Amino acid sequence: MPLVPMRQILDEAAKGGYGVGAFNVNNMEQIQAIMEAANETNSPVIIQASRGALKYSRMIYLKKLMEAACEEYPHIPVAMHLDHGNSLKTLQEAIDLGFTSVMMDGSLAEDGKTPNTYEQNVEITRKAVELAHPLGITVEGELGCLGGIEDGHGAGLSADQVNDHLTDPRQAEDFVAKTGLDALAVAIGTSHGAYKSGRKDPKTGEVLPPALAMERIHQIHQRMPNCHMVMHGSSSVPKALVDIINQYGGKMPGTFGIPIEQIQDGIKHGVRKINVDTDSRLAITGAIRKVFFEKPEKFDPRDYLKPARDAAKLVYIERMKAFGQAGHAGDYTPMTLDEMKAVYRKAR
Ligand code: G3H
Ligand code: 13P
Ligand code: ZN
């Protein structure tokens, strides 16, 4: 099956009342693990690559790996999505490479750090839609800013500053109307990486769950029941995975993620795409550390990359089940980009 437009995957998820995991990839093992998980759970899936991933994989390798994935599992609808595109040029590169969906992250300037004004965000996101829709390509935009800067993304806002950059539901309505985007990434207090909570118990020093503004999602859904929302920074950072890393020589104190129940609450209220990267990184790192620690004589990369791939696959399977996409791969006939073009043309 060729890659399908992400818009269709999200529309179908909305019809079925479920969410779809969008998993970040950088290499063959992650792509294989996602596809094996999707095959075993019969799930449609979104695979996404950041700018960093495109650079690391030198673009063409990622393209060919994705082609292989679609060829091996022709019954699985897969969208290939650019994560956090910073300019129209980056979007064009991804489109040229065969991506079926792009994110124009106009919440930030091209440097990926400085918050844009609302007007700048509207303008660049609208231009992204003008570029992508005539080609049948889906567009995700973002309103508000995520917290943290741990992975080099984002405005580096502190927990307090994040509150000033949460998505305003009324502005969201205006943003969607003015840009015509397909999916809206919302800022509700999540951040990228493994340290999502600045809150600590003053007595014990123990990290407390991050305070999320879930009510903003509820309000946006009430205002725009047909708007597909995206939750970034949605790794759950399971303690069990961090414990493996720490048990085998790692040092990751004070981690915290997004509880699955909160994501499920979001899915009940219009969240259709859930971005997960860190959980896969944790699983892979823990599995590799374990081999290095227990079998220091090993030096064949397959001896640790295979367990790493298997560990990532388990995470993907769990998320596919928890988000509800499991069992839905065969619900619909995937659309081509040409068919999607016609849909956008009609809507204009
Ligand atoms: O957007 C955040 C993702 O976790 C991608 O991170 O830029 O390190 O590939 P990356
Ligand atoms: P995590 O760091 O929580 O996995 O978030 C990934 C993400 O939002 C990619 O855009
Ligand atoms: Zn993100």
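It should be emphasised that the depicted structure is a prediction, and the values quoted were computed from it without experimental measurement. (Residues numbered from 1 in each chain as written. Chains lettered and ligands numbered in written order. Predicted model: local features only at pLDDT ≥ 70, side-chain atom pairs only at ≥ 80, totals over all residues.)

Chemist: Describe the overall build of the protein, naming the residues involved and giving the relevant values.
Modeler: When its secondary structure is counted, the protein shows 14 helices and eight strands. Over its C-alpha atoms the protein spans a radius of gyration of 19 Å, differing by no more than 12% from the 20 Å that the globule rule assigns to 348 residues. Viewed in the frame of its principal axes, the protein has a C-alpha envelope of about 60 × 50 × 35 Å. Within the protein, the proportion of its 348 residues that are buried is 49%. When contacts within the protein are restricted to residue pairs at least 6 apart in sequence, long-range pairs at least 24 apart make up 76% of them. (Helix = DSSP H or I, 4+ residues; strand = E, 2+ residues; numbered from the N terminus. Rg over C-alpha atoms; globule rule 2.2 N^0.38 Å. Buried ≥ 20, exposed ≤ 12 C-beta atoms within 10 Å, placed from the backbone. Contact = placed C-beta atoms within 7 Å.)

Chemist: Tell me about unusual backbone geometry, and please be specific about residues and values.
Modeler: Comment: phi is negative for the bulk of residues other than glycine, and the bulk of peptide bonds are trans. A positive phi is found at Asn42, a non-glycine position, where the angle reads about 55 degrees. Tracing the backbone shows Asn42 in the loop between α2 (28-41) and β2 (45-49). Within the chain, Met59 stands out as a residue other than glycine whose phi angle is a positive 55 degrees. Within the fold, Met59 resides in the loop between α3 (51-57) and α4 (60-72). Note on Met59: 16 C-beta atoms within 10 Å, which makes it partly exposed.

Chemist: Run through the site of ligand 2, naming residues and quoting values.
Modeler: Inspection of the region around ligand 2 gives 13 residues, with His232, Ser235, Asn275, Asp277 and Thr278 positioned closest. Of all elements in the fold, only β3 (78-85) and β8 (271-276) reach the threshold of two or more residues within the shell around ligand 2. A per-class count over the shell around ligand 2 returns one nonpolar, 10 polar and two charged. (Near = placed C-beta within 6 Å. Nonpolar A, V, L, I, M, F, W, Y, C, P; charged D, E, K, R; others polar.)

Chemist: Requested: an account of the nonpolar core, with residues and values cited.
Modeler: In this structure, Ile34, Ile47, Val78, Val102, Leu184, Val186 and Met229 are the most contacted members of the largest nonpolar core, which totals 92 residues. The element best represented in this core is helix α13 (residues 301-323), accounting for seven residues. Setting aside its immediate chain neighbours within four residues, Ile34 contacts Phe23, Val25, Val45, Ile47 and Tyr316. (Core = buried A, V, L, I, M, F, W, Y, C linked by C-beta atoms within 7 Å.)

Chemist: Go over the confidence of the model for the protein with me, naming the residues and quoting the values.
Modeler: With 96% of its residues at a pLDDT of at least 70, the protein reaches an overall mean of 95. Taking the mean pLDDT of every element in the protein, the minimum, 66, falls on helix α7 (residues 159-162) and the maximum, 99, on α13. (pLDDT = per-residue confidence, 0-100.)

Chemist: How would you summarise the environment of Gln48 if you had to cite specific residues and measurements?
Modeler: Assignment of secondary structure puts Gln48 in strand β2. Along the sequence, Gln48 and Met80 sit 32 residues apart, while their C-alpha atoms lie 5.7 Å from each other. Leave out the neighbours within four places in its chain, and Gln48 touches Ala22, Phe23, Asn24, His81 and Asp83.

Chemist: Account for the sheet that holds β3, naming residues and giving values.
Modeler: Here we have eight strands rolled up into a closed barrel, ordered β1-β2-β3-β4-β5-β6-β7-β8, and parallel in their pairing. Each neighbouring strand pair of the sheet contributes to a mean axis angle of 25 degrees, computed without reference to strand direction. Where strand β6 (residues 183-186) meets strand β7 (residues 228-231), four bridges bridge the pair, whose relative direction is parallel. Directly across from Leu184, in β7, lies its bridge partner Met229. The strands that helix α8 (residues 169-179) touches are β5 (138-143) and β6; relative to β5, the one it contacts most, it runs at about 150 degrees. (Pairing = 2+ DSSP bridges. Axes fitted to C-alpha atoms, helices over the stretch in contact; angles between N-to-C directions.)

Chemist: Tell me about the environment of Gly16, residues and numbers included.
Modeler: Mapped onto the secondary structure, Gly16 falls in helix α1 (residues 6-16). The partly exposed category is assigned to Gly16, around which 17 C-beta atoms lie within 10 Å. Each C-alpha atom of the pair Gly16 and Met6 lies 15 Å from the other, and the pair is 10 residues apart in sequence.

Chemist: If you had to explain the packing of α2 against α13 to someone new, which residues and values would you point to?
Modeler: For the pair α2 and α13, the least separation of the axes is 8 Å and the interaxial angle reads 45 degrees. With respect to α13, the element α2 is oriented oblique. For α2 against α13, the interelement crossing comes out right-handed. On α13, the residues that touch Glu29, Gln30, Gln32, Ala33, Ile34, Glu36, Ala37, Ala38, Glu40 and Thr41 of α2 are Leu305, Ala308, Arg309, Ala312, Lys313, Tyr316, Ile317, Met320 and Lys321. (Parallel < 35°, antiparallel > 145°, perpendicular 65-115°, else oblique. Left-handed = near helix turned anticlockwise from the far one by under 90°.)

Chemist: Requested: an account of the pairing of β5, with residues and values cited.
Modeler: Counting buried residues along β5, six of its six residues qualify, which places the element largely inside the surrounding structure. Covered by surrounding structure in β5 are Thr138, Glu140 and Glu142 together with Val139, Gly141 and Leu143, the residues of both alternating faces. When strand β4 (residues 101-104) meets β5, the two strands line up parallel, connected through four bridges. Directly across from Val102, in β5, lies its bridge partner Val139. A crossover links β4 with its parallel partner β5, the connecting element being helix α6 (residues 118-132), and its sense is right-handed. (Right-handed = clockwise from strand over helix to strand, strands pointing away.)

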